Every structure is written in structure tokens, then in C-alpha cells.
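Residue-level structure breakdown
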Amino acid sequence: MKSAVENRPAHIVKGNIFDALGFSASEASALKIKAEILSAIIEYVRAEGYTQAQLVDILDEYQPCVSNLLKGRIAQVSIEKLLRYADRLHLRTSIAVRPSEAKARRTTSDRKSVV
């Protein structure tokens, strides 16, 4: 049996995991959005108890695509398609766009210095 020390994570990531994996900021943002939409879809599908056959009809998609979706294999699925799936499941979506924290702090301090 492994001790608690052996089970301790070697690296803890704060913020966007995709940034830590070396993706560019835009790639990391897109992957994070895809992951959040997928997570919401899967959670809803499980809560409602939909079968793959039902999802094929609801999403108007082929069975292998539905299977890949439910297994989290969305590398080739666009954000637009995930949003379409969410819409067909009657899920409401929203995206927030705001300055990054570092940029916001710099802009705020720049404004304070201009008098």
C-alpha cells in the first residue's frame, strides 16, 4: 500500500491547467471553454439519464460521435458544435470576456500615476 507521501501530487497548478501544459493563451482559453461546455453537457446528460441512442436523436449526430463526446474525446469538436449540442439539450450558455488580472492591475496602476 502506498503511503500518503507517495500519493501527494508532484505539481499543483493554480489557474488554467492548459496554460501550465504549454499551450498559448488563445489555445488554453479555447480548450478551457470546450472543457467547461463538455462538463456541463455530460453532467446534464447523466442527471437526465439519457441513453446514447436518445442522444443520437437529440443531438442529430452519429453514434460514434456521441460515444466520443461522452468519453470526453473532443479534440476534433469545435466550440460551435459543443454550443449546438448544449442548445439542443436546452442548456443555456454564456461566455464572459474580461481583461486578464495582470493587465487589469497594470492598467489600474497606470491610471493612478496619470494625474
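Read on for an overview of the structure. Every value quoted in this text rests on a predicted model; they were computed, and no experiment measured them.

Procedures and definitions
Every chain is numbered on its own, with residues counted from 1 as its sequence reads. Where local features are concerned, this predicted model is filtered to residues with pLDDT of at least 70; where side-chain atom pairs are given and counted, the filter is 80 or more; whole-chain, interface and lining totals use all residues. By convention in this description, side-chain values take in all heavy atoms of the structure and omit both hydrogens and water. Only centres within 6.5 Å qualify two rings of Phe, Tyr or Trp (six-membered ring in Trp) as a pair; their planes then separate them into stacked at under 30 degrees, edge-to-face at over 60, and tilted for everything else. Throughout this description, the term nonpolar core refers to a set of buried Ala, Val, Leu, Ile, Met, Phe, Trp, Tyr and Cys residues connected via side-chain atoms within 4.5 Å. The cut-offs for exposure are 20% and 50% of the maximum accessible area for each residue type, with area from a 1.4 Å probe on protein chains only; residues under the lower value are buried, those over the upper are exposed, and the others partly exposed. Helix and strand definitions here come from DSSP, where helices need a minimum of 4 consecutive H or I residues and strands a minimum of 2 consecutive E residues; each element is numbered from the N-terminal end. Whether two residues are in contact is decided by their heavy atoms, any of which lying within 4.5 Å being enough. Only one rule defines a salt bridge in this text: a Lys or Arg side-chain nitrogen within 4 Å of an Asp or Glu carboxyl oxygen.

Considering the packing of aromatic side chains
Following the criterion strictly, the structure yields one aromatic pair and no others. Their ring planes at 50° and their centres at 6.3 Å tell us that Tyr-44 and Tyr-50 sit as a pair that is tilted.

Things to note about the nonpolar core
Counting 15 residues, the largest nonpolar core has Ile-41, Leu-59, Leu-69 and Leu-82 as its most contacted members. Per element, the largest residue contribution to this core is five residues, and it comes from helix 2 (residues 25-48). Setting aside its immediate chain neighbours within four residues, Leu-82 contacts Lys-34, Ile-37, Ile-41, Leu-69, Ile-74 and Val-77.

Brief notes about the pattern of salt bridges
Here the structure, examined in full by the defined rule, presents two salt bridges. Here Glu-36 and Lys-32 are joined by a salt bridge, their closest N and O atoms 3.9 Å apart. With Glu-36 and Lys-32 both in helix 2 and four residues apart, the pair spans about one turn of that helix. A relative accessible area of 47% means that Glu-36 is categorised as partly exposed. Residues Lys-81 and Glu-61 are paired through a salt bridge, measuring 3.3 Å at the closest nitrogen-oxygen approach. Of this pair, Lys-81 sits in helix 5 (residues 79-88) while Glu-61 sits in the loop between helix 3 (52-59) and helix 4 (63-70), and the two are 20 residues apart along the sequence. Residue class for Lys-81 comes out partly exposed when judged on its relative accessible area of 26%.

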